[in-house]
Amino acid sequence: MTKFDIIVIGSGLGGLQCACILSKQGFNVCVLEKNSHSGGCLQSFKRGNTELDTGFHYAGGLDEGQPLYRLFDYFGLMDLPWHRLDSEGFDEIIINSRSFMFASGYENFAESLSQKFPKEKERLNQYVSFLKKVSDSIFDILNNRQPDKFLTALFSSSAYDFLKSITNDPLLIDVLSGASLKMELNPASLPLYTFAQINSSFIQSAYRLKGGGSLIADTLVNQIKTNGGSVLTNSNVTKLVEKDRKIIAVEINGTYRIAADYVISDIHPANLLALIDESNCIRNIYRERINNLHNSFGMFTAHFVLKKNSIPYLNRNLFIYDKCNLWNSIKNQENKCALISFKVPEDGSSFTPNIDVITPLHWKEVALWENTQTGRRGKDYLSFKKQKAADSLEFVSNHISNIKNCVEAVYTSTPLTYRDYTGTFHGSAYGICKDYNRWITTMLSPRTPVANLFLTGQNPNLHGMLGVSITSFLTCAEITGNPAFYG
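An account of the accompanying structure is given in this report. Predicted, not measured: the structure shown is a model, and the values here were computed from it.

Points about the overall build of the protein
Link 1 in the chain: Counting secondary structure elements, the protein contains 17 helices and 19 strands.
Link 2 in the chain: Against the compact-globule benchmark of 23 Å for 487 residues, the protein has a radius of gyration of 22 Å, which places it among compact chains.
Link 3 in the chain: Its C-alpha atoms give the protein principal-axis dimensions of about 65 × 55 × 40 Å.
Link 4 in the chain: Counting all 487 residues of the protein, 60% fall into the buried class.
Link 5 in the chain: Restricting to contacts in the protein with at least 6 residues of sequence separation, those with at least 24 account for 72%.
Link 6 in the chain: Carbon and sulfur atoms make up 46% of the accessible area of the protein, which totals about 19,800 Å².
Link 7 in the chain: Of the charged side chains in the protein, 48 are positive and 46 negative, and the gap between their average positions amounts to 3 Å.

Okay, structure coming up:
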């Protein structure tokens, strides 16, 4: 039986980062990916001559010295062709036809919005000062490997209540929350830390990648292989074999087994537990706890491939909402909304080759086809996607003139697509929802009840590029005894 020091299940960002960290430190690491391509939500795919992204659209905090820069520099990812978004407006928030620009940098952000909210200038300064404090504390988690009192208080506090304490202006609350289709806005559960860390990162600086998200995955895969590790695709893990309270082997594709001293899982914890039939370590109460955790909603993505030189490239994102009261109207599915992302032209042109329109889509809307496979879902599903794409195009046409006449092709994905290609539970966009009322039980430790089995990725702690990267170091520290990043 082949044996490795460490097996990593799943090749999303967290899995590849863990393999990269540990292979750098001399461990013999093997990454197992069920699909033909590695990368999870970082995967890019081609339709004709156009490269489309599965889930990656932009990243925050990539200026030198900022949190994600420090982490990505460790992985050699800062050498990729990053493209900085407009500093005067990297995100445009449109609520009920009113437009608000997000400027890069804490002071610029507050000053820009104070032009629209002159009476709220001091409160905006308080808001960005708080975000800066959160950002400055990020690496305390890596130093201590657990939150200090300040961060613990943020995990157990309501993001919505915090915003209400900052301002009495409901429109300003909506605007400050306007770029938050990157998380699930729920006033009854969203922790303040999740809201603050993600928004702070993007306000620091915002970048797209000139090229597909696969550039990130490919860079990490190449580093793993250079360090002597392996990345095996078409290797679906079908069982974990436990003996003497440890995982001793991993079964691939129902037949072949490989052994390891440690196993790291980058897949959803519920899917991981399903791979362990019987266990002396995992009690039913633990399984029930994991299986009953709430998962965030999924997304419908319409990739609009455009006729050549038809739509000018826009160096910012658009977040568009039909109605105000974002926190409740999005949660209750009463607000038509979308994130619109423009692909950076790689040929030096001033025109974008394609636009992605991303809208929330709950599992119940596609549950009718949950027992089907990609490409075999039937005519009703195709009609459903076609109508969703038409609705997205109609919505976009109110903000991007003449786009209806410029679309050459349309490709779509739903939570079913994400489930099948990236293994996310019910196609969840952001994994397990963290709940400030139950943060201890919804923020999972990298450790599991099995001594040599660990969790990583977006589900244990925080989602997003920064959250997953921090979790990767925390997971590896459980094996190495130190967070490596500082070693």
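Structural notes on helix α2 (residues 67–74)
Every α-helix winds through 3.6 residues per turn, so residues three or four apart in the chain are directed the same way.
Link 1 in the chain: Extensive coverage of α2 is indicated by the burial of six of its eight residues.
Link 2 in the chain: Among all positions of α2, only Pro67, Leu68, Tyr69, Leu71, Phe72 and Tyr74 are buried.
Link 3 in the chain: Just beyond α2, the residue with positive phi is Gly76, at close to 75°.

Side note on the layout of surface pockets
Link 1 in the chain: In this structure, the second largest pocket encloses a volume near 700 Å³.
Link 2 in the chain: Residue lining of the second largest pocket: 27 residues in total, with Phe45, Arg47, Thr412, Thr417 and Tyr421 positioned closest to the centre.
Link 3 in the chain: Taken together, the elements giving at least two residues each to the lining of the second largest pocket come down to β3 (44–47), α14 (379–397), β18 (407–413) and α15 (415–422).
Link 4 in the chain: In the lining of the second largest pocket, the residues fall into eight nonpolar, 14 polar and five charged.

Re the pattern of salt bridges
Link 1 in the chain: Enumeration over the complete set of coordinates arrives at 17 salt bridges.
Link 2 in the chain: When the shortest N-O distance is used, the salt bridge between Arg419 and Asp420 registers 2.9 Å.
Link 3 in the chain: Taken together, the salt bridges that share partners define one network made up of Arg377, Arg419 and Asp420.

Regarding the sheet that holds β18
The strands that make up a sheet are held in pairs by hydrogen bonds between backbone atoms, and each pair lies either parallel or antiparallel.
Link 1 in the chain: With respect to topology, seven strands assemble into an open sheet ordered β8-β7-β15-β16-β17-β14-β18, the strand pairing being mixed. Each edge of the open sheet carries a strand with a single partner, namely β8 (98–102) and β18. Averaged over all pairs of adjacent strands, the angle between their axes in this sheet comes to 20°, without regard to strand direction.
Link 2 in the chain: Two elements, strand β7 (residues 91–95) and β8, share five bridges in a ladder whose sense is antiparallel. Residue Ile93 lies in a different strand from β8, and its bridge partner there is Phe100.
Link 3 in the chain: Of the strands in this sheet, β14 (298–306), β15 (317–321), β16 (337–342), β17 (354–361) and β18 touch α14, which is tilted by about 70° from β14.

Examining empty space enclosed by the protein
Link 1 in the chain: In the structure shown here, the tally under the stated rule is three cavities of 30 Å³ or more.
Link 2 in the chain: Size it by volume and the largest cavity reaches roughly 130 Å³.
Link 3 in the chain: As for the largest cavity, its lining consists of 16 residues, of which Asp53, Phe56, His57, Ser341 and Lys343 are closest to the centre.
Link 4 in the chain: Within the residue set of the lining of the largest cavity, elements represented by two or more residues are β4 (50–53), β9 (206–209), β16 and β17.
Link 5 in the chain: Broken down by element, the lining of the largest cavity gets its largest block of residues, three residues, from β4.

Some details on the pairing of strand β13 (residues 256–265)
Link 1 in the chain: Pairing analysis gives six bridges linking strand β1 (residues 3–9) to β13, with the strands arranged parallel. In the sheet register, Val8 faces β13, and the bridge partner there is Ile264.
Link 2 in the chain: When strand β12 (residues 246–252) meets β13, the two strands line up antiparallel, connected through four bridges. The residue of β13 that forms the bridge with Val250 is Ile258.
Link 3 in the chain: Counting the residues between successive antiparallel strands, the hairpin from β12 to β13 contains three residues, one of them, Asn253, with a positive phi of roughly 55°.
Link 4 in the chain: As paired elements, β13 and strand β19 (residues 453–455) share three bridges and run parallel to each other. If you follow Ser265 over to β19, its bridge partner there is Leu455.

Focus on the packing of helix α1 (residues 13–24) against helix α17 (residues 464–480)
Link 1 in the chain: One can describe the packing of α1 onto α17 by two numbers: an axis separation of 9 Å at closest approach and a directional angle of 40°. The pairing of α1 with α17 is recorded here as oblique in orientation. Relative to α17, α1 is oriented so that their crossing is right-handed. Residues Leu13, Gly14, Gln17, Cys18, Ile21 and Leu22 of α1 pack against Met465, Val468, Ser469, Ser472, Phe473, Thr475, Cys476, Ile479 and Thr480 of α17.
Link 2 in the chain: Here the residues of the contact of α1 with α17 are counted per class, giving nine nonpolar, six polar and no charged.

Digging into the sheet that holds strand β5 (residues 59–60)
Link 1 in the chain: The sheet built from three strands is open, its strands ordered β5-β9-β6 with antiparallel pairing. Strands with a single pairing partner mark the edges of an open sheet, and in this sheet they are β5 and β6 (82–84).

Side note on the packing of aromatic side chains
Link 1 in the chain: Summed over all chains, the structure comprises 20 aromatic pairs.
Link 2 in the chain: Note on Phe102 and Phe109: the rings are 4.8 Å apart at their centroids and 65° apart in plane angle, and the pair reads as edge-to-face. You'll find Phe102 and Phe109 in the same group, each marked buried.
Link 3 in the chain: On the basis of an interplanar angle of 15° and a centroid distance of 5.6 Å, the ring pair of Phe155 and Trp439 is categorised as stacked.

Looking at unusual backbone geometry
Link 1 in the chain: Unusually for a residue other than glycine, Asn253 sits at a positive phi of about 55°.
Link 2 in the chain: Residue position: Asn253 is located in the loop between β12 and β13.
Link 3 in the chain: Residue classification places Asn253 among the partly exposed residues on the basis of a relative accessible area of 41%.
Link 4 in the chain: Positive phi, normally seen in glycine, also occurs at His426, with a value near 55°.
Link 5 in the chain: Assignment of secondary structure puts His426 in the loop between α15 and α16 (439–442).

What about the side chain of Thr442?
Link 1 in the chain: Structurally, the position occupied by Thr442 is in helix α16.
Link 2 in the chain: Of note is the side chain of Thr442, whose polar atom sits 3.1 Å from the backbone nitrogen of Asp435.
Link 3 in the chain: Within polar-contact distance, the side chain of Thr442 engages the backbone oxygen of Arg438 at 3.0 Å.
Link 4 in the chain: Beyond its immediate chain neighbours, meaning those up to four positions away, Thr442 contacts Leu293, Ile432, Cys433, Lys434, Asp435 and Pro460.

Conventions we followed
Residues numbered from 1 in each chain as written. Predicted model: local features only at pLDDT ≥ 70, side-chain atom pairs only at ≥ 80, totals over all residues. Heavy atoms only, no water. Helix = DSSP H or I, 4+ residues; strand = E, 2+ residues; numbered from the N terminus. Rg over C-alpha atoms; globule rule 2.2 N^0.38 Å. Buried < 20%, exposed > 50% of the residue type's maximum accessible area, 1.4 Å probe, protein only. Contact = heavy atoms within 4.5 Å. Areas by Shrake-Rupley, 256 points an atom, 1.4 Å probe, with all protein chains shown as cover. Lys, Arg positive; Asp, Glu negative; His and termini not counted. Charge placed at Lys NZ, Arg CZ, Asp CG, Glu CD. 1 Å grid on protein atoms, 1.4 Å probe; cavity = no way out; pocket = protein on both sides within 12 Å on 5 of 7 lines; lining within 4 Å. Points joined across faces, edges and corners; volume = space filled by probe spheres on them. Nonpolar A, V, L, I, M, F, W, Y, C, P; charged D, E, K, R; others polar. Salt bridge = Lys/Arg side-chain N within 4 Å of Asp/Glu carboxyl O. Pairing = 2+ DSSP bridges. Axes fitted to C-alpha atoms, helices over the stretch in contact; angles between N-to-C directions. Parallel < 35°, antiparallel > 145°, perpendicular 65-115°, else oblique. Left-handed = near helix turned anticlockwise from the far one by under 90°. Phe/Tyr/Trp six-rings, centres within 6.5 Å; stacked < 30°, edge-to-face > 60°. Polar contact = N/O pair within 3.5 Å; in protein donor to acceptor, adjacent residues only side chain to side chain.

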